[in-house]
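# Notes for the structure review
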Amino acid sequence: MASYHKPEAKTIQELKDIANKLRIHSVRSTQASKSGHPTSCSSMADIMSVLFFNVMRYKVSAPRDANNDRFVLSKGHAAPILYAAWAEAGLLPVAELQNLRKFDSDLEGHPTPRLNFIDVGTGSLGQGLSVAAGMAYVGKNFDRASYRVYCLIGDGESAEGSIWEALSFASHYKLDNLCAIFDINRLGQSEPTALQHNLEVYRKRLESFGFNALVVDGHDVEELVKAFYEAQTTTGRPTAILAKTFKGKFFPNIEDLENWHGKPLGDKAEETIKYLTSLIKNHGPLGLHPQKPLVEDAPVVSISNIKLQTPPAYKSTDQVATRLAYGTALAKIAQNNSRVIALDGDTKNSTFADKIKAVDPARFVECFIAEQNLVGVATGAACRDRTVAFVSAFATFFTRAFDQIRMGAISQANVNFVGSHCGVSIGEDGPSQMGLEDIAMFRTIPGSTVFYPSDAVSTERAVELAANTKGICFIRTSRPNTAILYKNDEPFVVGKAKVVKSSQNDQVLLIGAGVTLHEALKAAEELGKAGVSVRVLDPFTVKPLDAAAVISNAKEAGGRIITVEDHYPEGGLGEAVASAVAMERGIIVKKLAVPKVPRSGPPNVLLDAFGISARNIIAAVQEIVKH
């Protein structure tokens, strides 16, 4: 590091002074809110001072400028010091920090993008590094820009497996624009961490994961400046700064003691503030200016009005799996917009996400079998509107990453999830591979849109719509080949159902989706031969459900609804329909769903055995008509 220049003594002192000002702000704001984590803030104060006032390049006036360095606070409970750093930088008044955690303030207990300087919500621990890796991947491979990504991680949360998934990903893709900072303050919430201050074990682990691992005194400003310089000048691999710190640093009779996690200092606050104030040499205006010159090389990106490059082109006699139609549509929208990317967890030849490779191999991101990191990386890739991310896996494996998905919603992320191999219709692979909870899971996500297309045409349109829909989207795709139901020019709209079979004298409304819609149509044909006319409705989106269409068609069909779904009964299509008609007089709902843990077998055998085949639908219609 021949070109490294040690900062002047004046700069070193100013950075120390800023760190102590940040500590004071954290104590005062948590006192005002009567809650928070001042000791967790104090351990990282020197890191924050060096990062925000010496290392990072950003426009204070435009925190989301595309060229700015990115910062992710994975240990989100230390939010007060992040707010304090931006206040000291001049983005918000210092007095505003006193509104921490108040109902009418966006300075929430953990960071969320309600604030313009927060890209993603954090606080559910162990997730920040995956998000940061997604940002860094986009910066290195798509934006090809100079901005760097910094992620501060608590030592307690480093026990989470998702951290190690992210470390593996970052190393594999040589993300040398990523710097992970571990705040190793020894103490967790309820007791000391597993490794406490065994920095050598941390170093060996990080090096074994392919990182440039630097052990530093996290309270030595000069050491931190030098470590961040080395991180900036290291190529071919990411850097991890392993900072030995103390919880409650410079808090008299509190530093490095247990039982102070998540507590304001109470009657010790004034004594602590007085001591911290005594450490500050320069109480006047900062000689350091936080805003550094940017390299403005991040491209302008447009991700609106994305369309299929060519419309669906199926024959009415075709049999096409909706999972295959997803891959076809993904490639088409990738042709239309260079910012459409696909991420997968080593299932790309089953989900057909690999079809995007024919358009541009660089826009496929293999995340391997690490679904929590897969989702976090996608959130990082999509934030700041840098990409349109489609994330695919077997539907059931998204359950492993539910926490990351819900945090994506809190982060106001626009990420599209595509779950294939849903339900018993996958057949012989058995219950461990069958998505039977996925609709329920994605329906619970606030602001989500849940698509359940039933043929190749509607699947292609679902992909096109999802690319342009805000929030979390989920597209449920099936393994078996199924018939084409719609003409290639059929229009589709989020929240609008399709009636696929009807007559003037329908006695029951059948609502199915995916394979069960095809079973409902088979049942309708057989019932028609026996003189029983039924109406069949395709919801297209389970959330938002077209309640008006459900209600009006149910009333025209004798007030009788039968829902059929390749999903467990709880939280799926049936419950969505039941909720929609709950206040309607004269409408009854019978649900057909997979009633228990299924088993391996041929798809048709399983559909029949678990109560959702055409035969079961016919029996249910006969029963509901009779009674």
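Residues numbered from 1 in each chain as written. Predicted model: local features only at pLDDT ≥ 70, side-chain atom pairs only at ≥ 80, totals over all residues. Heavy atoms only, no water.

### Observations regarding the domain arrangement of the protein chain
In plain terms, the rule: Note that the domain bounds were set by an automatic or database domain assignment. Any two residues having at least one pair of non-hydrogen atoms within 4.5 Å are treated as being in contact. Summed over both partners, the accessible area (1.4 Å probe) lost when two parts come together is defined as the buried area. Whenever a carboxyl oxygen of Asp or Glu lies within 4 Å of a side-chain nitrogen of Lys or Arg, that contact is scored as a salt bridge. Think of a polar contact as two N or O atoms within 3.5 Å of one another; within protein, one of them needs to be a possible hydrogen donor and the other a possible acceptor, and neighboring residues in sequence only count if both atoms come from side chains. Comment: elements are numbered from the N terminus, with helices defined as DSSP H or I runs of at least four residues and strands as E runs of at least two. Residues are grouped as follows: Ala, Val, Leu, Ile, Met, Phe, Trp, Tyr, Cys and Pro are nonpolar; Asp, Glu, Lys and Arg are charged; every other residue, Gly included, is polar.
For the protein chain, the assigned domains are domain 1 (9-279), domain 2 (319-483) and domain 3 (498-626). With 36 residues of domain 2 at the interface, the matching set in domain 3 holds 31 residues. Interface area, domain 2 with domain 3, both sides summed: about 2500 Å², of which 62% is carbon and sulfur. At the surface where domain 2 touches domain 3, the tally comes to zero salt bridges. On the surface where domain 2 and domain 3 come into contact, there are 20 residue pairs in polar contact (both at pLDDT 80 or more). The element that contributes the greatest number of residues to the side of domain 2 that touches domain 3 is helix α14 (residues 438-443), accounting for four residues. For the side of domain 2 that touches domain 3, a count of residues per class yields 18 nonpolar, 12 polar and six charged.

### Details of helix α1 (residues 9-33)
For an α-helix, the turn length of 3.6 residues means that residues three or four places apart are oriented alike. Inclusion rule: Multiplying 1.5 Å by the residue count of a helix minus one yields the expected span of that helix. Think of it in three bands: with a 1.4 Å probe and only protein chains considered, a residue is buried below 20% of the maximum accessible area for its type, exposed above 50%, and partly exposed in between.
For α1, which comprises 25 residues, the first-to-last C-alpha distance of 36 Å matches the rise-based estimate of 36 Å (1.5 Å per residue) to within 8%. The element α1 is extensively covered by neighbouring structure, given that 18 of its 25 residues are classed as buried. In the stretch just after α1, K34 is the one whose phi turns positive, near 60°.

### Digging into the side chain of T351
With respect to the helices and strands, T351 occurs in helix α11 (residues 348-351). One polar contact links T351 to S392, side chain to side chain, over a distance of 3.4 Å. Beyond its immediate stretch of four places on either side in the chain, T351 contacts R323, Y326, D344, S392, A393, F394 and S420.

### Focus: the nonpolar core
The condition that has to hold: Note on terminology: a nonpolar core comprises buried Ala, Val, Leu, Ile, Met, Phe, Trp, Tyr and Cys residues joined through side-chain atoms within 4.5 Å.
Of all hydrophobic cores here, the largest spans 84 residues; its most connected members are F182, L343, F398 and F417. If you tally residues by element for this core, the top one is helix α5 (residues 128-143), at nine residues. In this structure, I47, V55, F71 and A243 belong to the second largest nonpolar core, which totals 54 residues.

### A look at the state of the cysteines
Condition: We call a pair of cysteine sulfur atoms a disulfide whenever their separation is within 2.5 Å.
Per the counting criterion, the structure on display carries zero disulfides. Cysteine C151 remains unbridged, with the sulfur of C179 as its closest cysteine sulfur at 9.5 Å. Judged by relative accessible area, C151 falls into the buried class, the value being 0%. Not engaged in a disulfide, the cysteine C473 finds its nearest cysteine sulfur in C383; these two sulfurs lie 17 Å apart.

### Topic: the packing of aromatic side chains
For clarity, the cut-off: Any two rings among Phe, Tyr and Trp, with Trp reduced to its six-membered ring, count as a pair given centres within 6.5 Å; such a pair is stacked if its planes are under 30 degrees apart, edge-to-face if over 60, and tilted if neither. Charge-over-ring placement is defined geometrically: NZ (Lys) or CZ (Arg) within 6 Å of the ring centre, and within 35 degrees of the ring normal.
What the rule picks out here adds up to 22 aromatic pairs. Between the aromatic rings of F52 and Y58, the centroid separation amounts to 5.8 Å while the plane-to-plane angle is 65°, which identifies the pairing as edge-to-face. In terms of burial, F52 and Y58 fall into one category: buried. When the centroid spacing of 5.4 Å and the interplanar angle of 80° are considered together, the rings of F398 and F417 count as edge-to-face. With F398 in the loop between β9 (388-394) and α13 (402-410) and F417 in strand β10 (residues 415-420), this pair connects stretches of sequence that are 19 residues apart. For the pair F398 and F417, one class covers both residues: buried. Each member of the aromatic cluster is reached from another via a ring pair, and the members are F52, Y58, F71, Y83, W86 and F117. Here K249 stacks its cationic end above the ring of F250, 4.9 Å away from the centre of that ring. Above the face of the F492 ring, K498 is positioned so that its terminal group lies 4.9 Å from the ring centre.

### Concerning helix α9 (residues 269-279)
What counts is decided by this rule: The arc in question is the one spanned by the directions pointing from the helix axis to the C-beta atoms.
Of the residues making up α9, those classed as buried are A269, T272, I273 and L276. End-on, the buried residues of α9 take up no more than an arc of 100°, which puts them together on one face. Looking at α9, the residues exposed on the side facing more than 90 degrees away from the buried face are E270 and K274. At its buried positions, α9 is contacted by α1.

### Focus: the packing of α1 against helix α8 (residues 221-233)
Note the following rule: Axes here refer to lines fitted to C-alpha atoms; in helices the fit is confined to the stretch in contact. Angles between the N-to-C directions go from 0 to 180 degrees. Here is the rule for angles: anything less than 35 degrees is roughly parallel, anything more than 145 is roughly antiparallel, 65 through 115 is roughly perpendicular, and the remaining ranges are oblique.
Interhelical geometry of α1 versus α8 gives an angle of 105° and a closest axis separation of 9 Å. One element, α1, and the other, α8, form an angle in the roughly perpendicular class. Residues I12, L15 and K16 of α1 form the contact with α8, whose participating residues are V221, E222 and V225. Across the contact of α1 with α8, the residue classes tally to four nonpolar, no polar and two charged.

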